[in-house]
Amino acid sequence: MFEGIIDGSQAARPAPMAELTVGAFAMEVRATGMSLGPWVGRPVAVLAICRRTLMVAGVHVAQTGVSYDSVMRCLADALLPKDAAEFGATGFWPCEGVADRVFVHARHDLTPAPFGRFRRALGIDVLRHEIHEPLVCELADRWSQEMGIEVDPREDGQSAIANMVAHRMPEGDEVPLGELDRKLRRWIVDSYNAAAVPGIERSPLDLWREAAVGFVPRFVPADAPGDLFRHEAFRMIGPRGVSWGGRTYWSEAVPGLVDRWGEARTYEVRADPVDVTSVEICTPERKWVRLSARWV
């Protein structure tokens, strides 16, 4: 990734935002969230990095590790314009535009239909690779050293269930997931993107300004389905099942789930937008259960 930048050559160098690398690192923090019920666990930061400028273009802080949904959310954040003032940063975040190619580690499952629809609607090629991205590891180390948060750049985050099974929960005070997300975004804009990269002696922001002269991004198409960027992922189970897209979905497993976990718990839902006949919900044990549409 560094060669063309260091030697100053322009050959085979992509435009800004044309190529993104997606990487992730887990944080040893007692993050809290309510989307899966009262949750305390080890969150993971999913990052999209512009391969031309080394700038972090998008981020999503997930509470259950890297999934197709968290990669989709991270990419959506990278593609759309951002207002750094919304989360208290003093700098600015100029990245936006649809990527031509995205490099993602092969261990991540990107086969579900929603991700395929996202990729096709925006015309993005996804390339799989087998090695960990060094730049993400270096970013994680800097975040840890400067913010005092222990990280593991080689492993995905785990849910509270997985940590309890392992008899290991993060130590320290609890931090709301949203607060952690805002803190990471401020650090990315005001520290990481603005600081010189060792061996290059220019910051990602400097590299962006150089590369962006005359650059016109490939904007998100006006006819792109809006739900690609307004994702609704969690639902409660009622007596008739799960409501999704104006329909109700049910299976023989629903009464047992309600009896065991209660009606107040929310469940992650995934569905293929072009197939309204079924959805899948994720139980607190991280097992996916298929529910069929009730045509009533």
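The model shown is predicted, which means the values in this text are computed figures rather than measured ones.

## Concerning the pattern of salt bridges
Then comes step 1: A complete count under the given rule lists 11 salt bridges for this structure.
Then comes step 2: Put simply, Asp181 and Arg185 hold a salt bridge, and the shortest N to O gap is 2.9 Å. Of this pair, Asp181 and Arg185 both sit in helix H6 (residues 177-192), four residues apart, which is roughly one turn of the helix.
Then comes step 3: Judged by relative accessible area, which is 12%, Arg185 ranks as buried.
Then comes step 4: Residues participating in the shared-partner salt-bridge network are Glu19, Arg51 and Arg101.

## Some details on the nonpolar core
Then comes step 1: Ranked by internal contacts, the top residues of the largest apolar core, which has 65 residues, are Leu20, Phe25, Met27, Leu75, Trp93 and Trp143.
Then comes step 2: In terms of residue count, the dominant contributor to this core is helix H2 (residues 68-79) (eight residues).
Then comes step 3: Non-local contacts of Leu75, meaning those with residues more than four positions away in its chain, are made with Leu20, Val22, Ala48, Val102, Phe115 and Phe118.

## Description of the packing of aromatic side chains
Then comes step 1: In total, this model carries five aromatic pairs according to the counting rule given.
Then comes step 2: With a centroid separation of 5.9 Å and 85° between ring planes, the pair formed by Phe87 and Trp93 is classed as edge-to-face. For the residue pair Phe87 and Trp93, the accessibility class agrees, reading buried in each case.
Then comes step 3: Judged by centre distance (5.9 Å) and plane angle (35°), the rings of Trp187 and Tyr192 are tilted.

## A word on the side chain of Ser70
Then comes step 1: With respect to the helices and strands, Ser70 occurs in helix H2.
Then comes step 2: At a separation of 2.8 Å, a polar atom in the side chain of Ser70 contacts the main-chain amide nitrogen of Ser67.

## Details of the packing of helix H4 (residues 134-147) against H6
Then comes step 1: Relative to each other, H4 and H6 sit at 105°, their axes nearing to 12 Å. The pairing of H4 with H6 is recorded here as roughly perpendicular in orientation. Across the interface between the two elements, Leu135, Leu139, Arg142, Trp143, Glu146 and Met147 of H4 pack against Leu180, Lys183, Leu184, Trp187, Ser191 and Tyr192 of H6.
Then comes step 2: Taken together, the residues that form the contact of H4 with H6 break down as eight nonpolar, one polar and three charged.

## A word on the environment of Ala194
Then comes step 1: Structurally, Ala194 can be placed in the loop between H6 and helix H7 (204-211).
Then comes step 2: The spacing of Ala194 and Asp206 is 12 residues in sequence and 7.7 Å in space, taken between C-alpha atoms.
Then comes step 3: For Ala194, the residues in contact, after removing those within four places along its chain, are Val189 and Ser203.

## Details of the pairing of strand S13 (residues 266-270)
Then comes step 1: Taken across its five residues, S13 has four buried, putting it largely inside the fold.
Then comes step 2: Looking at chain direction, S13 and strand S14 (residues 278-282) are connected through three bridges and run antiparallel. Across the sheet, Arg270 pairs through a bridge with Glu280, a residue of S14.

## Notes on the confidence of the model for the protein chain
Then comes step 1: Per-residue confidence for the protein chain averages 79 on the pLDDT scale, and 78% of its residues sit at or above 70.
Then comes step 2: Taken as a whole, residues 1-11 scores under 50 in pLDDT and shows 21 contacts with residues more than four places along the chain or in a different chain.
Then comes step 3: A low-confidence stretch, residues 156-167 (pLDDT under 50), is modelled with 29 contacts involving residues beyond four sequence positions or located in other chains.

## Digging into the packing of H2 against helix H3 (residues 113-122)
Then comes step 1: In contact at an axis separation of 9 Å, H2 and H3 are set at 25° when each is read in the N-to-C sense. It follows from the interaxial angle that H2 and H3 lie roughly parallel. Like other packed secondary-structure pairs, H2 and H3 cross with a definite hand, here left-handed. Where H2 approaches H3, its residues Tyr68, Val71, Met72, Leu75, Ala76 and Leu79 are matched on the opposing element by Pro114, Phe115, Phe118 and Leu122.

## As for the sheet that holds strand S12 (residues 247-250)
Then comes step 1: The sheet built from six strands closes into a barrel, its strands ordered S10-S11-S12-S15-S14-S13 with antiparallel pairing. Between one strand and the next, the sheet's axes are offset by a mean angle of 45°, whatever the strand orientation.
Then comes step 2: Strand direction decides the pairing type here: S12 and strand S15 (residues 288-294), joined by three bridges, are antiparallel. Within S15, the residue paired with Tyr249 across the bridge is Ala293.

## Side note on helix H8 (residues 254-261)
Then comes step 1: Residues of H8 that are buried include every one of Val254, Leu257 and Val258, and no others. Within H8, the buried residues cover an arc of 100° as seen down the axis, which keeps them to one side. Facing away from the buried side of H8 by more than 90 degrees, the exposed set consists of Asp259 and Arg260.
Then comes step 2: One or two residues past the end of H8 sits Gly262, with phi positive at roughly 90°.

About the thresholds
- Residues numbered from 1 in each chain as written.
- Predicted model: local features only at pLDDT ≥ 70, side-chain atom pairs only at ≥ 80, totals over all residues.
- Heavy atoms only, no water.
- Salt bridge = Lys/Arg side-chain N within 4 Å of Asp/Glu carboxyl O.
- Helix = DSSP H or I, 4+ residues; strand = E, 2+ residues; numbered from the N terminus.
- Buried < 20%, exposed > 50% of the residue type's maximum accessible area, 1.4 Å probe, protein only.
- Core = buried A, V, L, I, M, F, W, Y, C linked by side-chain atoms within 4.5 Å.
- Contact = heavy atoms within 4.5 Å.
- Phe/Tyr/Trp six-rings, centres within 6.5 Å; stacked < 30°, edge-to-face > 60°.
- Polar contact = N/O pair within 3.5 Å; in protein donor to acceptor, adjacent residues only side chain to side chain.
- Axes fitted to C-alpha atoms, helices over the stretch in contact; angles between N-to-C directions.
- Parallel < 35°, antiparallel > 145°, perpendicular 65-115°, else oblique.
- Nonpolar A, V, L, I, M, F, W, Y, C, P; charged D, E, K, R; others polar.
- Pairing = 2+ DSSP bridges.
- pLDDT = per-residue confidence, 0-100.
- Left-handed = near helix turned anticlockwise from the far one by under 90°.
- Arc of directions from axis to C-beta.

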